[in-house]
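The residues making up each chain are set out below.
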Amino acid sequence: MGKPDVPVTRLSEIEHARAGDLSFLSNPKYLGFLESTQASVLIVSHEVALSHKVPQSTLVAVDDPYSAFSKCQQVFGSFNTTESGVHPLAHISEGAQIESEVSIGAFAYIGKNVRIGTGSIVMEHAYIGAGVIIGDHTQIHPGVRILHNCQVGSHCTIHANSVIGSDGFGFAPQKDGHYNKVMQNGVVVIEDYVEIGACCTIDRATISATCIRKGVKLDNLVHIAHNVEIGANTVIAAQTGVSGSTHIDQNCVVAGQVGFAGHVYVAPGSQIGGQTGVTHSLKEEGLKWNGTPVATYMESQRQNSIVRRLPELLKRIEELEKKLNQKDSTE
């Protein structure tokens with residue numbers, strides 16, 4: 001609805017959009033901005049397009065406005081202005097294999113026998129350790145450390161100051177109370193289309209590999225311990241910690257500040273609420289979980305309801321005790 005050839009040059013939120021902007025509406029909470037927005041083009045649902053008139057904007061009706069807008073973002077963001085080539089202040093070690101159209105920024109360190117695929121970008125001050133393999137069209141942001149022999153797939157993004165391949169936390173307790181360090185000789189394997197937020201740490205395995213499967217998305221400040229496997233297309237929000245040898249299966253959604261005990265299994269399609277403590281395996285697929293200790297969402301809600309009533313119940317118990325004591329004293 002509206003002018004089919006209206007030009008757009010920017011992307012913007014609906015509440016801040018101006019003429020020349022492309023925006024979207026997916027959350028009903030923002031319906032009020034339809035009257036005031038100045039966006040030239042709005043991506044909306046079919047229901048909104050049929051029920052609202054927005055004379056100042058061209059409406060594009062789709063099934064899923066949020067997903068449609070994300071595709072527009074990819075188009076706008078695909079015009080990479082970084083020039084390919086190795087900056088003269090970058091260090092390239094012996095035996096490194098740099099494919100075509102690769103960009104390596106100033107003060108980046110590329111170790112021995114590293115392989116970097118076509119069109120990938122290694123930004124300023126990144127450290128790529130010996131034997132690391134990076135696929136095609138992957139972006140390594142400033143300050144990232146990818147330590148020796150780890151593997152990163154194609155079309156991945158690793159944001160600033162994340163560490164891939166840090167030492168796993170392995171110490172064997174001894175009878176006299178001290179700890180012997182268990183050497184962490186494995187690697188980290190990150191498959192294609194993975195995005196890792198800023199300041200994440202992913203520990204190398206003790207022997208084999210810590211695995212981040214295809215399409216996984218990690219928010220900032222996520223810690224993945226040694227020997228963990230994160231299944232394909234799982235998303236994990238900020239400040240979550242996953243203890244060693246845990247396996248989170250595919251298509252899971254993990255909210256912020258969730259803690260996973262070691263050696264647990266989480267079934268495909270699980271949804272885990274914020275600040276949940278996962279202390280045992282969750283073997284049923286597609287369920288919602290919440291609370292500490294973890295329970296199904298409905299059971300957790302019932303428990304929370306009881307906890308909220310505890311002050312009232314305590315008061316009633318104290319009143320009953322007082323009445324019983326008074327009765328006893330008169331007999």
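Just so it is clear, the model here is predicted, and its values are computed rather than measured.

Reading guide: rules and limits
- Residues numbered from 1 in each chain as written.
- Predicted model: local features only at pLDDT ≥ 70, side-chain atom pairs only at ≥ 80, totals over all residues.
- Heavy atoms only, no water.
- Helix = DSSP H or I, 4+ residues; strand = E, 2+ residues; numbered from the N terminus.
- Rg over C-alpha atoms; globule rule 2.2 N^0.38 Å.
- Buried < 20%, exposed > 50% of the residue type's maximum accessible area, 1.4 Å probe, protein only.
- Contact = heavy atoms within 4.5 Å.
- Lys, Arg positive; Asp, Glu negative; His and termini not counted.
- Charge placed at Lys NZ, Arg CZ, Asp CG, Glu CD.
- Pairing = 2+ DSSP bridges.
- Core = buried A, V, L, I, M, F, W, Y, C linked by side-chain atoms within 4.5 Å.
- Right-handed = clockwise from strand over helix to strand, strands pointing away.
- Patch = residues over 30% accessible without salt bridge, like charges linked within 9 Å, V, L, I, M, F, W, Y side chains within 5 Å.
- Areas by Shrake-Rupley, 256 points an atom, 1.4 Å probe, with all protein chains shown as cover.
- Salt bridge = Lys/Arg side-chain N within 4 Å of Asp/Glu carboxyl O.
- Phe/Tyr/Trp six-rings, centres within 6.5 Å; stacked < 30°, edge-to-face > 60°.
- Polar contact = N/O pair within 3.5 Å; in protein donor to acceptor, adjacent residues only side chain to side chain.

A. Inspection of the overall build of the chain at higher detail. Regarding its fold elements, the chain presents three helices and 37 strands. For 331 residues, the compact-globule estimate of 2.2 N^0.38 gives 20 Å, and the C-alpha radius of gyration of the chain, at 26 Å, exceeds that figure by more than 25%. Along the three orthogonal principal directions, the C-alpha set of the chain runs to about 95 × 75 × 30 Å. Evaluated residue by residue, the chain yields a buried proportion of 38% over its 331 residues. The contacts in the chain between residues at least 6 apart in sequence include a share of 14% that link residues at least 24 apart. Of the side chains in the chain, 25 bear a positive and 32 a negative charge, and the two mean positions are spaced by 6 Å.

B. Inspection of the side chain of S12 at higher detail. Looking at where S12 falls in the secondary structure, it is placed in the loop between β1 (10–11) and β2 (21–24). Assessed through its relative accessible area of 11%, S12 is described here as buried.

C. The arrangement of the sheet that holds strand β3 (residues 41–45) in detail. Spatially, four strands are ordered β1-β2-β3-β4 in an open sheet, and the strand pairing comes out parallel. Both outer strands of the open sheet, β1 and β4 (58–62), are each paired with one neighbouring strand and no more. Both β2 and β3 contribute to a ladder of three bridges, which runs parallel. Within β3, the residue paired with L22 across the bridge is V41.

D. Spatial organisation of unusual backbone geometry. The amide bond that connects T292 to the next residue, P293, takes the cis arrangement and shows omega of 0°. With respect to the helices and strands, the residue P293 is situated in the loop between β36 (288–290) and β37 (295–296). We note that N149 has phi near 70°; this positive angle belongs to a residue other than glycine. Mapped onto the secondary structure, N149 falls in the loop between β15 (145–146) and β16 (151–152). Here N149 falls in the partly exposed class, since its relative accessible area comes to 40%.

E. The arrangement of the nonpolar core in detail. Of all hydrophobic cores here, the largest spans 48 residues; its most connected members are I146 and I190. Ignoring any residue separated from it by four or fewer positions in sequence, one finds I190 in contact with Q151, V152, G153, C156, I158, I164, I196, I202 and I212. In terms of nonpolar packing, the next biggest core, distinct from the first, is built from 11 residues, L25, L42, V44 and L59 among them.

F. Highlighting the pairing of β3. A large share of β3 lies buried, amounting to five of its five residues. Where β3 lies against β4, five bridges are found, and the strand directions are parallel. Bridging across to β4, S45 finds its partner in V62. Handedness of the β-α-β unit built from β3, helix α1 (residues 46–51) and β4 comes out right-handed.

G. How the structure looks around a nonpolar patch on the surface. Residues F169, F171 and Y179 make up a contiguous nonpolar surface patch of roughly 400 Å² in combined accessible area. Inspection of the secondary structure assignment puts F169 in the loop between β18 (163–166) and β19 (171–173).

H. Structural view of the pattern of salt bridges. Evaluation of the coordinates by the stated rule reveals five salt bridges. The salt bridge partner of K181 is D167, with a shortest N-O separation of 2.7 Å. Here D167 lies in the loop between β18 and β19 and K181 lies in strand β20 (residues 179–181), a separation of 14 residues in the sequence. Note that R302 and E299 form a salt bridge whose closest N and O atoms lie 3.0 Å from each other. With R302 and E299 both in helix α3 (residues 297–330) and three residues apart, the pair spans about one turn of that helix.

I. Focus on the packing of aromatic side chains. In the structure shown here, the tally under the stated rule is five aromatic pairs. On the numbers, 5.2 Å between centres and 70° between planes, the contact of F169 with F171 is edge-to-face. Here F169 falls in the exposed class, since its relative accessible area comes to 68%. By way of ring pairs, the aromatic residues F24, Y66 and F69 are connected into one cluster.

J. Examining the sheet that holds strand β7 (residues 97–98) more closely. Taken in spatial order, the nine strands line up as β7-β10-β13-β16-β21-β24-β27-β30-β33 in an open sheet, and their pairing is parallel. Taken across any chain shown, the strands that pair with only one partner, and hence form the sheet edges, are β7 and β33 (265–266). Sheet topology places strand β27 (residues 229–230) next to strand β30 (residues 247–248); two bridges connect them, and they run parallel. Within β30, the residue paired with I230 across the bridge is I248.

K. View of the environment of E47. Note that E47 resides in helix α1. We classify E47 as exposed; its relative accessible area is 58%. In this structure the C-alpha to C-alpha distance between E47 and I306, which are 259 residues apart in sequence, comes to 40 Å.

L. Summary view of the side chain of S154. Looking at the secondary structure, you find S154 in the loop between β16 and β17 (157–158). Take S154: its relative accessible area is 16%, and that puts it in the buried class. At a separation of 2.9 Å, a polar atom in the side chain of S154 contacts the main-chain amide nitrogen of D136.

All quantities given are derived from atomic positions and should not be read as evidence of function.
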